[in-house]
Amino acid sequence: MYAEIAPLRRLPASLDFFDYEIPTHLSSQIRRGSLVTIPFKNQSLTGLVLKTKKHSSAPKIKSISAGLGYTIPPEQMEFLSWLGNYYHYPASLLLPFFIPEPPKRRLITPLPTTNTISKHQETPTPRWLIYDQWKTVKTLLPPLLQDSGQTLIIYPDQVNQRKLKKILLDLRVSFLDIPKRVQKNAYWQAWLQAQNEKIILGNWQSLFWPYQKLRRIIVMEADNPLYHRAEQNPRLHLNDYLWKLAERHKAALHLFSLTPPIHMMLRSLSEKAIISQAVTASGITLRDTSGQNKFGLSDQSLRDIHQTTNKTLIFQNFLGSGSGHKLIHSLQALLNHEFPEKSVVTYGGEALASSRELKTADVIIATSKIFLTPLNFALTIMLGADASLARPDYLATEELRRHIFKLKLCSQDVIIETATIEHPFWQTLTKYKEFYQLESLWRKKFHYPPFSQTYKFIARSNSAGDQTAIHEIKKLLPDGIRQTAQGKSQLLVKHEILDTLIDKILQKYHNQILIEKNPYYFQ
């Protein structure tokens, strides 16, 4: 007997697995999903058995060294196969998400290989839980933790992690908090423990772990871009695989969000999702600044800053703004001149104030980096919003709306300065149904995702070789389907299906480029 094994090692895109002989004394232990130790060149590696077979045509076949006593459940193996086919990635590139590297010294504790999922069990209807503050989360979360089976709670960043941990501790429930991946031994132990732990708290990579009785997947801040930008290679998008994963486990899907992305909302509606609560959006004010501003800050806003005794945030919207860093320094000089009695610090780009400075400052001028801090504000003034509305990017308005509601989450009052007060975006800002309807109509009209299939080719670096790869890919594409985006380092391709061409590009340029496939495609 032989086995196709993917080593836990990054391989070229053209290589997926290697054939190994199954020794007679291991024949009863080795099956699809088994973790094994294999000789690989001059070292010993951990590998995953993708399938077993009776014959092999490979020359000089080596034998499996040992079985590790761990077996990945069939649902996860099917999911691994689906993910590889969807993204055109070999299994070896995806394996680190599914299996952490075992420590050199470990106790072999066999995992159960059975799962209580019934083949006839239906996947529960997904739910969107749109919230406007953490008080809402505290109310909605506890009932979801009462049922039997495992509950996996996913967070996008440390701010969400800290708040979720506090909620769970206040509820006095036992939970597994998955450590950082760099803590290899602790990460491996958490991987073992998570198989049967009732409540698991982790980041997006925890979705790929082999749970035995997963019944609920709760995704906090499902609109957070970190869910599809955190990992550069491979670049995965939460909306692509989340639904398939829930289907594999027959698990209920609960998506908490401030502003659900359009592609996820449309997918949810197609799955007959239940929208449980709408955001209220109270405390958001538009200020018409046509004809009067100082570095984008109106006279009325200067008076508001003067009258505010608590912490104030000046949020500089960088979407579409190429000179934003200069503007931050100009704003700081202006505020220091206008309010010498107030301490003004900056938090954006390379100008990052320390944690102590942020806590004691009266006024903070910041970019979206401020969302990674646990700060709260009495007043927030948003500048540069109009730059997003003028930006030639179909995601710009969606990202702008998300920033506005995230600012409201950490501020009592939000004032948005705009010189385009009559723009349709502002008319639908606090009416989420109208916003989705209008935005969907525009995207459908101009054939933008999620109403068309796109691929984005991204140069790995600014090196001449990587930039040349993008240029050469342009020549490979058929006429009429090219569209460049953001200069020579990126190429956005709108086309229905380019699967055979994508495979060819990957094999030739996998060291020079990244490929990002757009979210769910609607006919």
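The shown structure was predicted, so the numbers you read here are calculated from the model rather than taken from an experiment.

Considering the overall build of the chain
If you tally the helices and strands in the chain, you get 17 helices and 24 strands. With 523 residues in all, the chain has 54% of them scored as buried. Sequence-distant contacts, at least 24 apart, represent 75% of the contacts inside the chain between residues at least 6 apart. Total accessible area computed for the chain in this model is approximately 24,500 Å², and 51% of it derives from carbon and sulfur atoms.

A short note on the nonpolar core
Counting residues in each nonpolar core, the largest one holds 112 residues, and the members touching the most others are L83, I217, L236, Y241, I364 and I370. Ranked by residues supplied to this core, first place goes to helix 1 (residues 74-87) with seven residues. Beyond its immediate sequence surroundings of up to four residues, L83 is in contact with L94, F98, F208, L236 and Y241. The next biggest cluster of nonpolar side chains, apart from the first, holds 16 residues, and it includes I328, L331, L335 and V363.

Observations regarding the packing of helix 13 (residues 396-409) against helix 15 (residues 432-445)
Where helix 13 meets helix 15, the axes come as close as 11 Å, and the angle between the chain directions of the two elements is 160°. As judged from the angle between their axes, helix 13 and helix 15 are roughly antiparallel. Where helix 13 crosses over helix 15, the handedness of that crossing is left-handed. Listed contacts from helix 15 to T397, E398 and R401 of helix 13 are Y432, F435, Y436, E439 and R443.

Remarks on unusual backbone geometry
With a phi angle near 60°, K41 is a residue other than glycine that sits in the positive phi range. K41 gets classed as exposed once you look at its relative accessible area, which sits at 68%. Of note in this structure, E221 is not a glycine but carries a positive phi near 50°. Note on placement: E221 falls in the loop between strand 11 (214-219) and helix 6 (226-229).

With respect to the pattern of salt bridges
Under the criterion given, the structure shown has 11 salt bridges. When salt bridges that share partners are traced, they join E221, D223, R402 and K406 into one network.

Focus on the packing of helix 8 (residues 262-270) against helix 15
Contact geometry of helix 8 with helix 15 gives a least axis separation of 11 Å together with a crossing angle of 105°. Taken together, the axes of helix 8 and helix 15 lie roughly perpendicular to each other. Counted together, I262, M265 and L266 of helix 8 and F435, Y436, E439, S440 and R443 of helix 15 form the full contact between these two elements.

Quick notes on the packing of aromatic side chains
Enumeration over the complete set of coordinates arrives at 20 aromatic pairs. Relative to F208, the ring of F97 lies with its centre 5.4 Å away and its plane at 25°, an arrangement referred to as stacked. Here F208 lies in the loop between strand 10 (199-202) and strand 11 and F97 lies in helix 2 (residues 91-98), a separation of 111 residues in the sequence. Residue class for F97 comes out buried when judged on its relative accessible area of 4%. Taking the centre distance of 6.2 Å and the plane angle of 85° together, the rings of W204 and F208 count as edge-to-face.

Quick notes on the sheet that holds strand 19 (residues 377-383)
Pairing is mixed in the open sheet, where seven strands are placed in the order 14-20-19-15-18-16-17. The open sheet is flanked by strand 14 (284-288) and strand 17 (351-352), the only strands paired with a single partner. Relative to strand 20 (residues 411-418), strand 19 runs parallel, the two sharing five bridges. Residue pairing across strands places M382 opposite I416, the latter belonging to strand 20. Contacts from helix 13 reach strand 14, strand 15 (312-316), strand 19 and strand 20 within the one sheet, and its direction differs from that of strand 20 by about 145°.

Re the environment of D288
The topology assignment puts D288 in strand 14. Sequence spacing of D288 and E422 is 134 residues, and the spatial spacing of their C-alpha atoms is 9.6 Å. When neighbours within four sequence positions are excluded, D288 is seen to be in contact with T418, A419 and I421.

Let's talk about helix 9 (residues 299-307)
Among all positions in helix 9, only S301, L302, D304 and I305 are buried. Looking straight down helix 9, one finds that the buried residues subtend no more than 160° of arc, so they occupy a single side. Those residues of helix 9 that are exposed and aimed more than 90 degrees away from the buried face are H306 and Q307.

Brief notes about the pairing of strand 15
Where burial is concerned, most of strand 15 is hidden: five out of the five residues are buried. Alternating residues of strand 15 divide into T312, I314 and Q316 and L313 and F315, and every residue in both groups is buried. Of the strand pairs in this sheet, strand 15 and strand 18 (residues 363-366) are connected by four bridges, and their pairing is parallel. Paired with I314 across the bridge in strand 18 is I365. Bridge count between strand 15 and strand 19: five bridges; the pairing is parallel.

Quick notes on helix 7 (residues 238-249)
Across its 12 residues, helix 7 extends 16 Å between first and last C-alpha, which sits within 8% of the 16 Å expected from 1.5 Å per residue. A large share of helix 7 lies buried, amounting to nine of its 12 residues. Positive phi shows up at K250, right after helix 7, with a value of about 55°.

Notes on the pairing of strand 10
Burial of strand 10 is two-sided: the residues I199 and L201 facing one way and the residues I200 and G202 facing the other way are all buried. Bridge count between strand 8 (residues 150-154) and strand 10: four bridges; the pairing is parallel. Directly across from L152, in strand 10, lies its bridge partner I200. Bridge analysis of strand 9 (residues 176-177) against strand 10 gives two bridges, and the strand direction is parallel. Within strand 10, the residue paired with L176 across the bridge is I200. With helix 5 (residues 184-193) bridging strand 9 and the parallel strand 10, this β-α-β connection has right-handed handedness.

Structural notes on the sheet that holds strand 4 (residues 43-53)
The six strands lie next to each other as 5-2-1-4-3-6, forming an open sheet whose pairing is mixed. Sheet topology places strand 5 (62-63) and strand 6 (66-71) at the edges, where each strand pairs with a single neighbour. Note that strand 3 (residues 34-40) and strand 4 share six bridges and pair antiparallel. Looking at the pairing, L35 lines up with L48 of strand 4. Sitting on the sheet, helix 2 touches strand 1 (2-7) and strand 4, and the angle it makes with strand 1 is about 70°.

Reading the values: the criteria
Residues numbered from 1 in each chain as written. Predicted model: local features only at pLDDT ≥ 70, side-chain atom pairs only at ≥ 80, totals over all residues. Heavy atoms only, no water. Helix = DSSP H or I, 4+ residues; strand = E, 2+ residues; numbered from the N terminus. Buried < 20%, exposed > 50% of the residue type's maximum accessible area, 1.4 Å probe, protein only. Contact = heavy atoms within 4.5 Å. Areas by Shrake-Rupley, 256 points an atom, 1.4 Å probe, with all protein chains shown as cover. Core = buried A, V, L, I, M, F, W, Y, C linked by side-chain atoms within 4.5 Å. Axes fitted to C-alpha atoms, helices over the stretch in contact; angles between N-to-C directions. Parallel < 35°, antiparallel > 145°, perpendicular 65-115°, else oblique. Left-handed = near helix turned anticlockwise from the far one by under 90°. Salt bridge = Lys/Arg side-chain N within 4 Å of Asp/Glu carboxyl O. Phe/Tyr/Trp six-rings, centres within 6.5 Å; stacked < 30°, edge-to-face > 60°. Pairing = 2+ DSSP bridges. Arc of directions from axis to C-beta. Expected span 1.5 Å × (residues − 1). Right-handed = clockwise from strand over helix to strand, strands pointing away.

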